[in-house]
Each structure stands twice: as C-alpha cells, then as structure tokens.
Amino acid sequence: MTFLPQPCGPREPCDPPGCAVLDMPGEIDFCNASALLPMIMAAVDQRSADFRLLVLDLSATRFMDSQGVRLLTAVRHRLPAGARLRVVAAPKTVPSRVLELSGLRRDVPVHDNLAEAVRAESDTVA
C-alpha cells in the first residue's frame, strides 16, 4: 500500500550554499508521484537566486516504478536555468535499478550517498 507523501523535508543547512536536499518517501509510484512534483518545485521556488543544486535523497525509498522516473524527468526540466539535479540512491536498491534500466542515470548523476552528491557539487564549483 502506498501512502501519500509527507511534505518533502528539506535539510538545513545545506552545504554548499545554493543547494537543497529533499528526503523522498518510502515509495514513489502512481499513487503519489503527481503529488510530489508540486512539493519539490515549491521547495525549489523558496530558494534564493543563487540556487544551483537540488539533491533528491532516495535513501529511504524502498520502491519506485516508472512514475518515479517520470517525476525525476519533470523535476529536471522544471529546474531554473543553471540549476542541476542529483539523486542519492544506494546501490542494489529498487530505485537505483529503475534509474539504471530507464536510462535516466545517463542524464541525472546518481550517487551512493548524500556526502558524495554534495561533495561532487563543491568539486564542480571549486
């Protein structure tokens, strides 16, 4: 059974500045994916003009189907100009496998853990 998502919890503070990290729910599927998009975009819209990185943390996500892929694609296309999307998904989990099979990993960097995703951003900025 899929539960509607709680608001995507932003983690504060995010380092580096201009970054937002959102925890995603335990399941992302037909029942909740469409409700997640406005929550994610609202968190993006609340950020300052120097916003440049959105990290969606799927560490707690146990299940994700094609609607999750659609969600990530929609988020990617709606980000402000110059902003990037990164995803955290532990290896050998369902979300990681879905991202691999869908080919989305070619367009969106997927990291094994949050520290790696944020570190990759600070390496890019430096």
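Residues numbered from 1 in each chain as written. Predicted model: local features only at pLDDT ≥ 70, side-chain atom pairs only at ≥ 80, totals over all residues. Heavy atoms only, no water.

### Side note on the overall build of the protein chain
Basically, it comes down to this: Only DSSP runs of H or I reaching four residues or more are called helices, and only runs of E reaching two or more are called strands; each is numbered from the N terminus. Note on classification: 1.4 Å probe, protein chains only; a residue is buried when its accessible area is under 20% of the maximum for its type, exposed when over 50%, partly exposed between these limits. Here a residue-residue contact requires only that any non-hydrogen atoms of the pair lie within 4.5 Å.
In terms of helices and strands, the protein chain carries four helices and seven strands. Order of helices (α) and strands (β) in the protein chain, N terminus to C terminus: β-β-β-α-β-β-α-β-α-β-α. Scored against the burial criterion, the 126 residues of the protein chain give a buried share of 44%. Relative to all contacts within the protein chain whose residues are 6 or more apart in sequence, the contacts with residues 24 or more apart total 74%.

### Re the nonpolar core
As a reminder, the rule being used: Buried Ala, Val, Leu, Ile, Met, Phe, Trp, Tyr and Cys residues that are joined via side-chain atoms within 4.5 Å together make up what is termed a nonpolar core.
Ile40, Leu54, Val75 and Leu99 are the most contacted members of the largest nonpolar core, which totals 30 residues. Within the residue set of this core, elements represented by two or more residues are β2 (19–23), α1 (33–45), β4 (53–57), α2 (66–78), β6 (84–88) and α3 (94–102). By residue number, the principal contributor to this core is α1, which donates seven residues. Listed in part, the six residues of the second largest apolar core include Val21, Leu53, Val88 and Ala117.

### Concerning the confidence of the model for the protein chain
Which entries qualify depends on this criterion: pLDDT runs from 0 to 100 and stands for how confident the predictor is about each residue.
With 83% of its residues at a pLDDT of 70 or more, the protein chain shows a mean pLDDT of 85. This stretch, residues 1–7, has a pLDDT under 50; its non-local contacts, to residues over four places away or in other chains, come to 15 contacts.

### Some details on the pairing of β6
Filter applied, for reference: When DSSP finds two or more bridges between a pair of strands, those strands are recorded as paired.
Where burial is concerned, most of β6 is hidden: four out of the five residues are buried. Sheet topology note: the β4/β6 ladder contains five bridges and is parallel. When the bridges of β6 are listed, leucine 53 appears paired with arginine 84. Relative to strand β7 (residues 110–111), β6 runs parallel, the two being bridged by two bridges. The residue of β7 that forms the bridge with valine 88 is histidine 111.

### Here we look at the environment of valine 88
Assignment of secondary structure puts valine 88 in strand β6. Each C-alpha atom, one on valine 88 and one on aspartate 23, is 9.6 Å from the other, the two residues being 65 residues apart in sequence. If sequence neighbours within four positions are ignored, valine 88 has contacts with Val55, Leu56, Asp57, Leu58, Ser59, His111, Asp112, Asn113, Leu114 and Ala117.

### Concerning unusual backbone geometry
Positive phi is not limited to glycine here, since lysine 92 has a value of about 65°. Tracing the sequence through the fold places lysine 92 in the loop between β6 and α3. Exposure remark for lysine 92: the relative accessible area of 86% places this residue in the exposed category.

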